[in-house]
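Residues per chain, in single letters:
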Amino acid sequence: MNRSLLLACLWLLAPAAWSAPTPTVRQLWQQLRQHPQADTFRVNRLNKLADYRSDEDGFSPARNDSLARQALTLAQRLHYVYGEAYAQYNVVMAGAVPTSKRQFQARLLQVLPLAERSGDKPLLVQVLQTLSLYSGEQGLAYIQRALTVARTTGQPLLVQRCYWTQAGYFKTVVGNYYLALQALQQALRVTQQAHLPDEEADALGSIGGLYIDMADYEQAIKYLLQSFTQAKALPESSRKRVLESEALYSIGECYRLTGRQGRAQAAYREALLVSRSTFLTMAAQSGLADSYERQGNAQTLPFARHVLAETYGAPHEELRRYARMRVYLTLGRYFLRQGPADSAIIYSQKGLQLAQRFLEKEPVRDALLLLAQASARRHAYAAAYAYQRRYLGLRDTLSNEQITRQATAARFTQNLAQQQSQIALLQKDKLLQVEQARRQRLLLGATLVGLVLLSSLGFGLWRYTRQQQQANTRLHQQRDQTRRALRHLRATQQQLIQREKMASLGELTAGIAHEIQNPLNFVTNFADVSAELCQELQQEAQAGHPDNVVALADDLTQNLTKISQYGQRAAGIVRGMLDHARPSNGERQPTDLNALCHEYLRLAYQGLRSKDPSFEATIQTKLAPALPRATVSESEIGRVLLNLFNNAFYALRQRQHRVTGYQPAVYVSTELREPNLVLTIRDNGIGIPAKIQPKIFQPFFTTKPPGEGTGLGLSLSYDIVTKGHGGTLSVNSHEGEGTEVVLTLPA
């Protein structure tokens, strides 16, 4: 489990969860100086000071540990159970960072009986909440118990904090984002029912943050804007500033990750104006530097170096290293784009070291990609290949996690929309029932009036008829509104069903099962035969027939080789399917197509030569010198180029094995044909038969023999170019002569 995420959950357990309003740090120090007597009042003030963990209040673990130990010594001398329990808890919390998880849990279990004996329910809830995050599967029982105790206190804030901690448990310990969202929605409802506007703003911001983790940035922005609006309406206070700056920083992150850099920079700057938190200030500055770099802003290098210098003056070592990691990766991307590549490697390696320290997968992935690209630019192809392999493995893992989180977000949003639609329909039905009841009362009143006022029967009948008509008119209007609401609900349900279908498309379960069956059958069959050969080998060895033993060993070696080949075939199919179903954030930026072609052409050639050192080919390039930059996703187009170059070299290698005296050659050219950029890749390889050329962009269709291709490369490339970038990808081939691939992208 990511330790930084766990500590982030512990920050939620701040003194705000206690029953009474908490004085400021300055007031507590003043009260402590004015009251030197060794009594329970002093114990309580020492504990309150030790429980402050905000970087705005000069927090440091050493200071809090010293205060907590003073309170503990005095409470034990006074036999003050509540003070002793509270002090023991603060001692444990002051050592939260350096203590191992198991030791931390053991120390909390020692505090739990004291908290129970103290009779103070808010303290007991606080201990149970913290314990839940360090107890693995048992943590759910602790948080459920904390929720039960909190409900008996009649304090909505305690209940809300329990739901909040439950969300942290489901996210960080269990990894279930759906249950985490449900818990945060429960916390939001508690704050709304209890009319706690500051906590409502905090809950909205937490929901937005969870949607960021699930890469559903539009939903995240929706909740974060609500959080900012709610916080802005609060009276002026430090709490208001924290809520505003957190919402603005998170909004900036959403815009940065979705490529809207102008909006991202505006949000970061506004957060810096409001923030009084060292952590938020460093986070917003590092985010702003990264946004400058993604935009190609001239301020990138001086501002990033300024932020890097400031991280050395931050009061907390872990926060300083985390911010420095983000700036290192920003500088690595900057120097990769602007040069020199040596500087890109230095900063990317520093960022990689810190990312591995924090166990953050996404920064590790980004650092590996930067190092692969920078090494390739320096022609260090062995290092580039090693970094690229690590990057691809981690990218596949993160892609699987992202698909799961996005599916969870879509399912939760769908269920929430259904619930809201049902609530709206129920409200319409309730209004209709109220109208019907009112009509019945009017009818009864009219009847009574008619009976009492027989002398004015004509007037009464007229009045009754008029009221009847008005009631009928209103009833028809309500009926029409209900029908329209029902039609809208049905349309909404159809849309939700369609969204669910679209969310399920990426999995392609049937395709995986069909394509992977053949290699798995071969693996199973060869494994069975190998088991029989092992038995025969043992018998021949016992019988003393060494010649037969050697022959059987050779057969067994051949079988194991086949098992390895078909296992690699199955793994290739799975990787191909993941690539085909993987969503991309689609971020586009001006890219030098010539440099990209050169980089991936060399990478593909060196990759094939690493497998077959005897293979050599002539490479001729004609790259237009004044070619405009293409606004594309560099990683996606790079994947396309690598695929096309690999296919070209494969065709050359196949023809070289068949024809003697043959000279393999690849020709690559770029040019501007308004309004498009055109890339042409031509080889003199084996070519593609005319009858199968219409099928080459179909998923799972391949011209390669079993074990050498999955049939997904060209299909994936075609989707990226045509659907993702609005370009074209065409193939012109003559069997036995060669193939020409033409790729066009909008200029």
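As annotated in an unreviewed UniProt entry, the protein chain carries the name histidine kinase and is attributed to Hymenobacter ginkgonis. Reading the Catalytic activity (unreviewed entry) entry of the UniProt record for the protein chain gives the comment "ATP + protein L-histidine = ADP + protein N-phospho-L-histidine."

(A) Seen up close, the pairing of strand E5 (residues 676-683). In terms of burial, E5 is largely enclosed, as 6 of its 8 residues are buried. Pairing analysis gives 8 bridges linking strand E4 (residues 665-673) to E5, with the strands arranged antiparallel. By the bridge assignment, glutamate 671 is partnered in E5 with valine 678. Hairpin connection, E4 to E5: the antiparallel pair is bridged by 2 residues.

(B) Here's a closer look at the pattern of salt bridges. This model, assessed by the stated rule, comprises 24 salt bridges. In this structure, the salt-bridge partner of arginine 239 is glutamate 199, at a minimum N-O distance of 2.9 Å. Of this pair, arginine 239 sits in helix H13 (residues 238-257) while glutamate 199 sits in helix H11 (residues 197-213), and the two are 40 residues apart along the sequence. Look at arginine 239 and you get partly exposed, because its relative accessible area is 26%. Residue class for glutamate 199 comes out buried when judged on its relative accessible area of 3%. Note that arginine 326 and glutamate 253 form a salt bridge whose closest N and O atoms lie 3.1 Å from each other.

(C) Layout of a negative patch on the surface. Among the surface-exposed residues, Asp528, Glu532, Glu536, Asp554 and Asp555 lie close enough to one another that they form a single negatively charged patch. Listed by contribution, the elements that provide at least two residues to the negative patch are helix H22 (509-543) and helix H23 (546-581). Here the negative patch takes 3 residues from H22, the largest share from any one element. Tracing the sequence through the fold places aspartate 554 in helix H23.

(D) Structural detail: empty space enclosed by the protein. Scanning all chains against the criterion turns up 3 cavities of 30 Å³ or more. In this structure, the largest cavity spans a volume of roughly 50 Å³. Leu369, Ala372, Gln373, Ala376, Ala384, Gln388, Glu599, Tyr600 and Leu603 are the residues that line the largest cavity. Looking at the lining of the largest cavity, the elements with two or more residues in it are helix H19 (361-377), helix H20 (381-452) and helix H24 (593-611).

(E) Quick peek at the packing of helix H9 (residues 156-174) against helix H10 (residues 177-193). Following both chains from N to C, one finds H9 and H10 inclined at 170°, their axes separated by 8 Å at the closest point. Here H10 runs roughly antiparallel to H9, going by the angle between their axes. In this structure, the crossing between H9 and H10 has a hand that is left-handed. Here Pro156, Val159, Gln160, Tyr163, Trp164, Gln166, Ala167, Phe170 and Lys171 of H9 lie close against H10, whose contacting residues are Tyr177, Leu179, Ala180, Ala183, Leu184, Gln186, Ala187, Val190 and Thr191. Within the contact of H9 with H10, the residues separate by chemical class into 13 nonpolar, 4 polar and 1 charged.

(F) Examining the packing of aromatic side chains more closely. As enumerated under the stated definition, the model contains 15 aromatic pairs in all. Look at tyrosine 211 and tyrosine 223: their rings are 5.7 Å apart centre to centre, the planes differ by 15°, and that puts the pair in the stacked class. Separated by 12 residues along the polypeptide, tyrosine 211 in helix H11 and tyrosine 223 in helix H12 (residues 217-232) bring together distant segments of the chain. For the pair tyrosine 211 and tyrosine 223, a shared accessibility class is recorded, and that class is buried. Among the aromatic residues, those joined into a cluster by ring pairs are Tyr328, Tyr334, Phe335 and Tyr347. One Lys or Arg, arginine 682, reaches over the ring of tyrosine 667 and ends 4.5 Å from the middle of that ring.

(G) Highlighting a nonpolar patch on the surface. Judged by side-chain polarity, Leu444, Leu448, Val449, Leu451, Val452 and Leu453 come together as a nonpolar surface patch covering roughly 580 Å² of accessible area. Examined against the element boundaries, valine 449 turns out to sit in helix H20.

(H) Seen up close, the sheet that holds E5. Pairing within the open sheet is mixed, and its 5 strands lie in the order E2-E4-E5-E7-E6. Each of the sheet's edge strands pairs with one partner strand only, and the pair in question is strand E2 (618-623) and strand E6 (728-734). With direction set aside, neighbouring strand axes in the sheet form an average angle of 10°. In this sheet, strand E7 (residues 738-746) lies alongside E5 in antiparallel orientation, the contact comprising 8 bridges. If you follow asparagine 676 over to E7, its bridge partner there is proline 746. Across the sheet, helix H26 (residues 713-725) lies against E6 and E7, angled at about 140° from E6, the strand it touches most.

What counts, and at which threshold
- Residue numbers here run from 1 along each chain, matching the order of that chain's written sequence.
- pLDDT decides what is reported in this predicted model: residues at 70 or higher carry local features, side-chain atom pairs at 80 or more are listed and counted, and totals for whole chains, interfaces and linings draw on all residues regardless.
- Think of the side-chain values as coming from all heavy atoms in the structure, minus any hydrogens and water.
- UniProt positions are given in the numbering used here, feature names are shortened, and annotations may be inferred rather than shown by experiment.
- The rule is simple: take the accessible area with a 1.4 Å probe, protein chains only, and divide by the maximum for that residue type; under 20% is buried, over 50% is exposed, in between is partly exposed.
- For the purposes of this entry, the term helix denotes a DSSP run of H or I that reaches at least four residues, the term strand denotes a run of E that reaches at least two, and both are numbered from the N terminus.
- At least two bridges found by DSSP between two strands is the condition for calling them paired.
- For this analysis, a salt bridge means a side-chain nitrogen from Lys or Arg found within 4 Å of a carboxyl oxygen belonging to Asp or Glu.
- Exposure above 30% relative accessible area and the absence of a salt bridge qualify a residue for a patch, where like charges join within 9 Å and nonpolar side chains (Val, Leu, Ile, Met, Phe, Trp, Tyr) within 5 Å.
- The Shrake-Rupley method, run with a 1.4 Å probe sphere, supplies the accessible areas, and residue values consider only the shown protein chains as cover.
- When charges are counted, neither His nor the chain ends are considered; positive counts come from Lys and Arg and negative counts from Asp and Glu.
- Here the site of a charge means NZ on Lys, CZ on Arg, CG on Asp, or CD on Glu.
- Points on a 1 Å grid over protein atoms alone make up a cavity when a 1.4 Å probe fits among them but cannot get out, and a pocket when they form an open set with protein on both sides within 12 Å along at least five of seven lines; lining residues each have an atom within 4 Å of a point.
- Grid points are joined across faces, edges and corners, and a volume is the space filled by probe spheres set on the points.
- For helices, the axis comes from a line fit to the C-alpha atoms of the stretch in contact; other axes are also lines fit to C-alpha atoms, and the angle between any two N-to-C directions lies between 0 and 180 degrees.
- For classification purposes, an angle smaller than 35 degrees is called roughly parallel, one larger than 145 roughly antiparallel, one from 65 to 115 roughly perpendicular, and anything else oblique.
- Crossing handedness is defined as follows: a turn of the near helix away from the far one that is anticlockwise and smaller than a right angle gives a left-handed crossing, while the clockwise case is right-handed.
- Note on definitions: a residue-residue contact is assigned when non-hydrogen atoms from the two residues lie within 4.5 Å.
- All residues other than Ala, Val, Leu, Ile, Met, Phe, Trp, Tyr, Cys, Pro, Asp, Glu, Lys and Arg, Gly among them, are scored as polar; the first ten of these are nonpolar and the last four charged.
- Centres within 6.5 Å are what make two rings of Phe, Tyr or Trp a pair, Trp counting through its six-membered ring; a difference in plane orientation under 30 degrees is then read as stacked, over 60 as edge-to-face, and the rest as tilted.
- Each ring is checked for a lysine NZ or an arginine CZ that lies within 6 Å of its centre and within 35 degrees of its normal; such an atom marks a charge sitting over the ring.

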